[in-house]
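Next come the chains, spelled out residue by residue.
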Amino acid sequence: MAKSKFEYVRQFETDDTCLRNCYIVVRLDGRNFHKFSEKHNFAKPNDNRALGLMTRSAQSVMEELEDVVIAYGQSDEFSFVFKRTSTWFKRRASKLMTHVASQFSSSYVFYWKEYFAEQPLLYPPGFDGRVVLYPSNRNLRDYLSWRQADCHVNNLYNTSFWTLIQKGGLTTIQAEERLKGTLAADKNEILFSDFDINYNNEPMLLRKGTTLIWEKVRPNEAVTKMVKLPNAEEQKEITVTRSRKRVCPHHCDIIGDQFWEEHPDILER
Ligand code: ATP
Ligand code: ATP
Ligand code: MG
Ligand code: MG
Ligand code: MG
Ligand code: MG
């Protein structure tokens, strides 16, 4: 095609190719969800509808985009890990990040009604994104551990904070004051002795967040296909077995070794 004299402006585009051999992590976070959750009457401290919708949107990202091997989410954030060898969009950071963010955001709106039947969506939500590269399996596992530890710390705080308000009758200021300077053990103790709540019995979804991975659907699906053999006039019917995979949620610990030993094919050697 003939080039126009304007063509040179393309030279202004900068190279943002992600370093080879690294895991590419895209983390999304809801924009101003403190306000969004209030306006849409999220249950405090945890709204299960909202968590379900986040997970559904992340599932859509994994199904529609190539090469995401694991995703982890909690609160208003989700991290997507592309396999080290991915060549999707020539590993261009901006392409990967914007495709993840837009697929996620449009899914969040698209599936809203399935999760919030009675609650209308009042305005279009947005998500920011960032790209981080991790060169080793250890670094990647530490990244995911960091996000899960964050989930734990925040959830323990939020559970204590809202229990003091909802069951203890404190104001938000009093609850904040009560928790100032407390360690994890103190919060566990407040929940247990004042409210008869054993934090360890709180749902795994809330304490551990959501991990999405690809898993084989068993048994393998047998499909019959009509194929035209080379050098043959007629078509022939053959049966092939396909191992179908689908995205499955887990609410378990991913900091220790057990999860990774049970799913050895997520990380590349
Ligand atoms: P920013 O735009 O900087 O991310 P933010 O208001 O989204 O601002 P975050 O640190 O991301 O701040 O916190 C997200 C907030 O969204 C939480 O503090 C909580 O109030 C709310 N939130 C997110 N998910 C849920 C949920 N499932 N149930 C109840 N509240 C939620
Ligand atoms: P990619 O994912 O690489 O961008 P693409 O199919 O979106 O692939 P584009 O070069 O962006 O390719 O072209 C967009 C195409 O979408 C156009 O070629 C046209 O077929 C279609 N399209 C976009 N807007 C309209 C419109 N308003 N009316 C009709 N067709 C449209
Ligand atoms: Mg933030
Ligand atoms: Mg946010
Ligand atoms: Mg957040
Ligand atoms: Mg296009």
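Source: prediction; values computed, not measured.

A. Structural detail: the overall build of the protein chain. For the protein chain, the helix and strand inventory stands at 9 helices and 8 strands. Relative to the 2.2 N^0.38 estimate, which gives 18 Å for 269 residues, the radius of gyration of the protein chain is 23 Å and therefore markedly larger than a compact globule would have. When the backbone C-alpha atoms are referred to their principal axes, the protein chain occupies close to 80 × 55 × 45 Å. The burial tally for the protein chain puts 22% of its 269 residues in the buried class.

B. How the structure looks around the UniProt feature "binding site: Mg(2+) 2" (unreviewed entry) in the protein chain. Mapped onto this numbering, the UniProt entry gives "binding site: Mg(2+) 2" (unreviewed entry) at Asp29 and Asp76. Considering the C-alpha atoms alone, the annotated residues occupy 48 residues of sequence yet fold into one spot, their largest mutual distance being 5.6 Å. Relative to the elements of secondary structure, Asp29 occurs in strand 1 (residues 23-30). Once residues lying within four places of it in the same chain are set aside, the contact partners of Asp29 are Asp76, Glu77, Phe127 and Asp128. By the secondary structure assignment, Asp76 is in the loop between strand 2 (68-74) and strand 3 (77-82).

C. Representation of the UniProt feature "binding site: GTP" (unreviewed entry) in the protein chain. When the UniProt feature table is mapped to this numbering, "binding site: GTP" (unreviewed entry) covers Asp29, Gly30, Arg31, Asn32, Phe33, His34, Ser75 and Asp76. Classification of Gly30 as buried rests on a count of 21 C-beta atoms within 10 Å. The contacts of Gly30, once residues within four sequence positions are left out, are Phe36, Asp76, Pro125 and Phe127. Within the fold, Ser75 resides in the loop between strand 2 and strand 3. The exposure class assigned to Ser75 is buried, which follows from the 21 C-beta atoms found within 10 Å.

D. View of the nonpolar core. Residues Ala71, Phe80 and Val81 are the most contacted members of the largest nonpolar core, which totals 32 residues. The set of elements that each furnish at least two residues to this core consists of strand 1, helix 2 (48-64), strand 2, strand 3, helix 3 (93-110), helix 5 (137-166) and strand 5 (210-216). Per-element tally for this core: the top contributor is helix 2, with 7 residues. In contact with Phe80, other than residues within four places in its own chain, are Val25, Val26, Val61, Val68, Ala71 and Val100.

E. Summary view of the sheet that holds strand 1. With antiparallel pairing, 6 strands are arranged side by side in an open sheet as 4-1-3-2-5-8. A single partner strand is all that each edge strand has here, and the edge strands are strand 4 (127-134) and strand 8 (245-250). Direction aside, the axes of adjacent strands within the sheet are offset by 20° on average. Pairing of strand 2 with strand 5, which is carried by 4 bridges, proceeds in the antiparallel orientation. Looking across to strand 5, one finds that Ile70 is bridged to Ile213. Sheet strands in contact with helix 2 are strand 2, strand 3, strand 5 and strand 8, and its direction is about 165° off that of strand 2. Each of strand 1, strand 3 and strand 4 touches helix 3; the most contacted strand, strand 4, lies at about 140° to it.

Conventions adopted
- Residues numbered from 1 in each chain as written.
- Chains lettered and ligands numbered in written order.
- Predicted model: local features only at pLDDT ≥ 70, side-chain atom pairs only at ≥ 80, totals over all residues.
- Helix = DSSP H or I, 4+ residues; strand = E, 2+ residues; numbered from the N terminus.
- Rg over C-alpha atoms; globule rule 2.2 N^0.38 Å.
- Buried ≥ 20, exposed ≤ 12 C-beta atoms within 10 Å, placed from the backbone.
- UniProt positions renumbered as here; feature names shortened; annotations may be inferred.
- Contact = placed C-beta atoms within 7 Å.
- Core = buried A, V, L, I, M, F, W, Y, C linked by C-beta atoms within 7 Å.
- Pairing = 2+ DSSP bridges.
- Axes fitted to C-alpha atoms, helices over the stretch in contact; angles between N-to-C directions.

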